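The residues making up each chain are set out below.
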Amino acid sequence: VEKWFMKHKLLDGKALSNELMSSLSDTVKLRVSLGKSAPCLAIIMVGNVEASRVYVKNKIVACKNSGVHNVLYDLPEQTSTKELLNLIKELNFNESISGIIVQLPLPKWIDTDLVIKAISAYKDVDGFHPYNLGRLIQRIPLLRPCTPYGIIQLLKAYKINLKGKNSVIVGASNIVGRPMAIELLNNGSTVTVCHRFTQNLKELVKQAELLVVAVGKPQFVKGSWLKKDAIVIDVGINRLENGSIVGDVDFSEAVEIAQYITPVPGGVGPMTIAALLQNTLLAQSLLEETL
Ligand SMILES: NC(=O)c1ccc[n+]([C@@H]2O[C@H](COP(=O)([O-])OP(=O)(O)OC[C@H]3O[C@@H](n4cnc5c(N)ncnc54)[C@H](OP(=O)(O)O)[C@@H]3O)[C@@H](O)[C@H]2O)c1
């Protein structure tokens, strides 16, 4: 009984991601059979951050599984901003490249904002460029930040009604918290965004019918903080000293109280990758419009 219960409480991002990737793979095959190009993702990685290597490896595997080509630029730690910008410029003009991502974080002497802005907005498949964030805010999204876009698709797949939902986001980063707030707002939620300076965090979390946590602190949100039957989206990926991966929510406590919860791993992570590939396909069609 417990197993059945667990299974039905989980928002299974892995399963949905597999479905989305299989339909993406069909679309790519159809395109190729019609004489069009398969999309191609350029992945730029600078230096030797171990977690980044794992993320990039997962993205490459996902490309292979869905028939999306990829080119990896594995640059040394001492790469300069100028060298990186030159590579981006070259890829922006390269007609065989549909999308470009720069794996973050970059070495501290590289200006990340400058790098993000240098990527053509139409090839910005991470959705971090000010143009794409601006479009999201104005409710005319184009390339949407992958993690929030993946989460919205997961919620919709489980037919979770977002209209009027009291939604709380813990974390306000440019890549997760902020665009998540806009996505939820665009879907009719009433949104509260919490961050380092929020004073009554636990009280706000207690009111959340939908809670998204992206703080980067292992098991930060406790089960006792949650509203009964809350829907809990755990974005965190934290590696503990014993090697295990945990989220930003204490899963074993939260699963007892939540109506639905995303597991870590197997929840938000795979949906982020599926969204990246969806964006790459969209970027390829944007590229074809300009050729
Ligand atoms: N599953 C995926 O695909 C995926 C994708 C991206 C990230 N992640 C993971 O998600 C987590 C968050 O990533 P991120 O890039 O958003 O992290 P980040 O840039 O470090 O942002 C963390 C956010 O949490 C806020 N925060 C920190 N301590 C807090 C506290 N005690 N109370 C309330 N808010 C607090 C920070 O507030 P301030 O803004 O005030 O500093 C910041 O807005 C990480 O574990 C990361 O590995 C997962």
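Coordinates for the structure precede this section.
Residues numbered from 1 in each chain as written. Predicted model: local features only at pLDDT ≥ 70, side-chain atom pairs only at ≥ 80, totals over all residues. Heavy atoms only, no water.

**Focus: the packing of helix H7 (residues 146-157) against helix H11 (residues 268-290)**
When two helices pack together, their arrangement is captured by the angle between the axes and the distance separating the axes. Our working definition: For helices, the fitted axis covers only the stretch in contact; all axes are lines through C-alpha atoms, and the angles between them, taken along N-to-C directions, range from 0 to 180 degrees. Working definition: helices are DSSP H or I runs of at least four residues, strands are E runs of at least two. Numbering for both runs from the N terminus. For this classification, under 35 degrees means roughly parallel, over 145 means roughly antiparallel, 65 to 115 means roughly perpendicular, and everything else is oblique. Whether two residues touch is decided by their heavy atoms; if any such pair falls within 4.5 Å, the residues are in contact. Gly falls in the polar group here, along with every residue not listed as nonpolar (Ala, Val, Leu, Ile, Met, Phe, Trp, Tyr, Cys, Pro) or charged (Asp, Glu, Lys, Arg).
It is the contact of H7 with H11, at a shortest axis distance of 7 Å, that shows an interaxial angle of 105°. Here H11 runs roughly perpendicular to H7, going by the angle between their axes. Note on element contacts: H11 touches H7 through Val 268, Met 271, Thr 272, Ala 275, Leu 276, Gln 278 and Asn 279, opposite Cys 146, Thr 147, Tyr 149, Gly 150, Ile 151, Gln 153 and Leu 154. Grouping the amino acids of the contact of H7 with H11 by side-chain chemistry returns 8 nonpolar, 6 polar and no charged.

**Things to note about the nonpolar core**
A general tendency of soluble globular proteins is for nonpolar side chains to be buried together. Stated precisely, the cut-off is as follows: Residues enter a nonpolar core if they are buried and are Ala, Val, Leu, Ile, Met, Phe, Trp, Tyr or Cys, with the set joined through side-chain atoms within 4.5 Å. Three exposure classes are used, based on accessible area relative to the maximum for each residue type with a 1.4 Å probe and protein chains only: buried under 20%, partly exposed in between, and exposed over 50%.
Counting 46 residues, the largest nonpolar core has Leu 155, Leu 184 and Ile 233 as its most contacted members. Among the secondary structure elements, those contributing two or more residues to this core are helix H2 (13-33), strand S1 (40-46), helix H3 (50-66), H7, helix H8 (177-186), strand S6 (210-213), strand S7 (231-234) and H11. Tallying contributions element by element places H11 first for this core, with 9 residues. Excluding residues that lie within four positions of it along the chain, Leu 155 makes contacts with Leu 11, Ile 160, Leu 162, Leu 184, Leu 210, Ile 231 and Ile 233. One finds Leu 201, Leu 204, Val 213 and Ile 261 within the second-largest nonpolar core, a separate group that totals 19 residues.

**Here we look at the site of the ligand**
Heads up, the condition is: Nearness is judged by heavy atoms alone; a residue qualifies as near a molecule or strand once a single heavy atom is within 4 Å of it. Within 3.5 Å is the distance limit for a polar contact, defined as a pair of N or O atoms, with the added protein rule that one can donate a hydrogen and the other accept it, and that residues adjacent in sequence qualify only through two side-chain atoms. Using the Shrake-Rupley algorithm and a 1.4 Å probe, accessible areas are obtained, with residue cover drawn only from the displayed protein chains.
Close to the ligand lie 22 residues, the nearest being Ala 172, Ser 173, Arg 196, Lys 217 and Thr 272. Measuring from an oxygen atom of the ligand, one finds a backbone N or O atom of Ala 172 at 2.7 Å. Taking Ser 173, its side chain carries an N or O atom lying 2.5 Å from an oxygen atom of the ligand. Expressed as a share of its isolated accessible area of 930 Å², the protein-covered part of the ligand is 74%. Among the elements that make up the shell around the ligand, the one with the highest residue count is H11 (3 residues). Classifying every residue of the shell around the ligand gives 10 nonpolar, 9 polar and 3 charged.

**Side note on the sheet that holds S7**
To keep things clear, this is the line we draw: Pairs of strands are assigned from DSSP output, requiring at least two bridges between the strands.
If you walk across this open sheet you meet the 5 strands as S5-S4-S6-S7-S10, and the pairing is parallel. The open sheet has two free edges, formed respectively by strand S5 (190-194) and strand S10 (260-261), since each of these has just one partner strand. By the bridge criterion, 4 bridges tie S6 to S7 in an arrangement that is parallel. Considered in S7, the bridge of Val 212 is made with Ile 233. Sitting on the sheet, H8 touches strand S4 (166-170), S5 and S6, and the angle it makes with S4 is about 170°.

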